[in-house]
Amino acid sequence: MGLSRNIAKLLTGSDEGFTLFRSKPTRRQLIQRESELGGQLFGAIPEGHHRQFFNLDKNTWIWYEEWTDKDGKQHSTTTRYEIHANGILKVQDNAPYYFIEGQEFLNLTAAIRTYYERVSREVYHRDPATAKPLAV
Amino acid sequence: MQQINSTLQYSETALSQRGTADVARTPAGRTYETFRFPYTPQERERKITTAKTQRTPESIRNEQIDSAVENALSQYKQNQQQEQQLTPEQIQAWAQWFMSAAQTLEVMRETEMGSRSDHGLVA
């Protein structure tokens with residue numbers, strides 16, 4: 001426990017008071033928190049891989065994965081899912097764009113629903129159904 | 001679906017009793033037969049040729065079983081594809097929901113950053 005947190009606890013009687021001394025998080029920091037959680041939604045992450053999945057804006061979801069191969073060479077891939085009124089366009093570098101369908105669509109649907117549910121609760125401490133703060 | 005599954009089970013059992021067999025050997029030296037399904041194009045062609053030239057009650061029955069299996073498999077795959085396909089209306093509804101969810105998340109972020117007062121917009 002850091003000095004400032006100790007001081008906060010002494011002054012307020014709980015760790016919660018510590019938030020009084022922190023600056024507000026930036027959008028980047030919040031999305032970073034979301035993406036770490038989002039990366040866990042697709043099952044086990046292979047050894048040496050780092051995965052992030054997050055909502056960037058109203059129309060964009062990002063899957064980013066990086067890993068190091070056995071020769072120590074770094075690789076990464078970014079997949080962008082664009083939400084259009086008539087479907088979801090999957091965009092990857094060096095690959096043809098296409099509207100996802102069938103099982104792939106259902107998988108992404110499940111991932112986004114779980115993301116929304118968990119991020120609401122675990123990052124923002126809000127009820128996903130009402131967006132109201134969760135009762136403590 | 002149940003009927004298809006029953007047909008598949010029956011037909012696969014029938015095939016395994018007579019089908020195209022490979023003999024394999026376990027590390028302990030024991031032999032057993034493994035069965036390939038569906039047939040390769042070459043096997044299929046050979047079977048058709050054989051069936052045309054040497055039709056027996058047994059081969060006729062086998063042809064019927066093969067045909068039933070292929071039909072059942074085809075129907076099964078078709079059913080699976082149909083189950084996984086969403087209608088354009090369903091896709092549009094989901095797309096709309098994704099956008100609403102993203103907007104709600106954005107409100108939560110802005111509230112957390114302190115740039116927006118709390119309110120109850122939800123997906």
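Calculation notes
- Within any chain, residue numbers begin from 1 and follow the written order of that chain's sequence.
- The order in which chains are written sets their letters, starting at A; the order in which ligands are written sets their numbers, starting at 1.
- Reporting of local features is limited, given that this is a predicted model, to residues whose pLDDT is at least 70; pairs of side-chain atoms are given and counted only at 80 or more, and all residues count toward the totals for whole chains, interfaces and linings.
- Calculation of side-chain values draws on the structure's entire complement of heavy atoms; hydrogens and water are dropped beforehand.
- Helix and strand assignments come from DSSP, with helices taken as H or I runs of at least 4 residues and strands as E runs of at least 2, each series counted from the N terminus.
- Using a 1.4 Å probe on the protein chains alone, a residue whose accessible area is under 20% of its type maximum counts as buried, one over 50% counts as exposed, and one in between counts as partly exposed.
- Two residues qualify as a contact provided that any one of their heavy atoms is within 4.5 Å of a heavy atom in the partner residue.
- Any helix carries an expected span of 1.5 Å times its number of residues minus one.
- Two strands pair if DSSP finds at least two bridges between them.

### Description of the overall build of chain A
Scanning chain A from terminus to terminus reveals three helices and five strands. Going from N to C terminus, chain A has its helices and strands arranged as α-α-β-β-β-β-β-α. When each of the 136 residues of chain A is scored for burial, the buried share is 35%. Sequence separation of at least 24 residues holds for 19% of the intrachain contacts in chain A that already meet a minimum separation of 6.

### Quick notes on helix H4 (residues 88–113) of chain B
End to end, H4(B) covers 37 Å across 26 residues, agreeing with the expected 38 Å (1.5 Å per residue, within 8%). Directly after H4(B), the chain includes B:Gly114, whose backbone phi takes a positive value near 85 degrees.

### Remarks on the pairing of strand S1 (residues 49–57) of chain A
In regular strands, side chains alternate between the two faces of the sheet. Residues and elements named next belong to chain A. Across eight bridges, S1 lies against strand S2 (residues 60–68) in antiparallel orientation. Across the sheet, Phe53 pairs through a bridge with Trp63, a residue of S2. Connecting S1 to the next strand, S2, in antiparallel fashion are two residues.

### Thoughts on unusual backbone geometry
Residue and element names in this part refer to chain A. At His125, a position not held by glycine, the phi torsion is positive, near 55 degrees. Here His125 shows up in the segment after helix H3 (102–123). Positive phi, normally seen in glycine, also occurs at Ala131, with a value near 65 degrees. Along the chain, the position of Ala131 falls in the segment after H3. Under the relative-accessibility criterion, Ala131 is labelled buried at 3%.

Just geometry here; none of it tells us what the structure is for.
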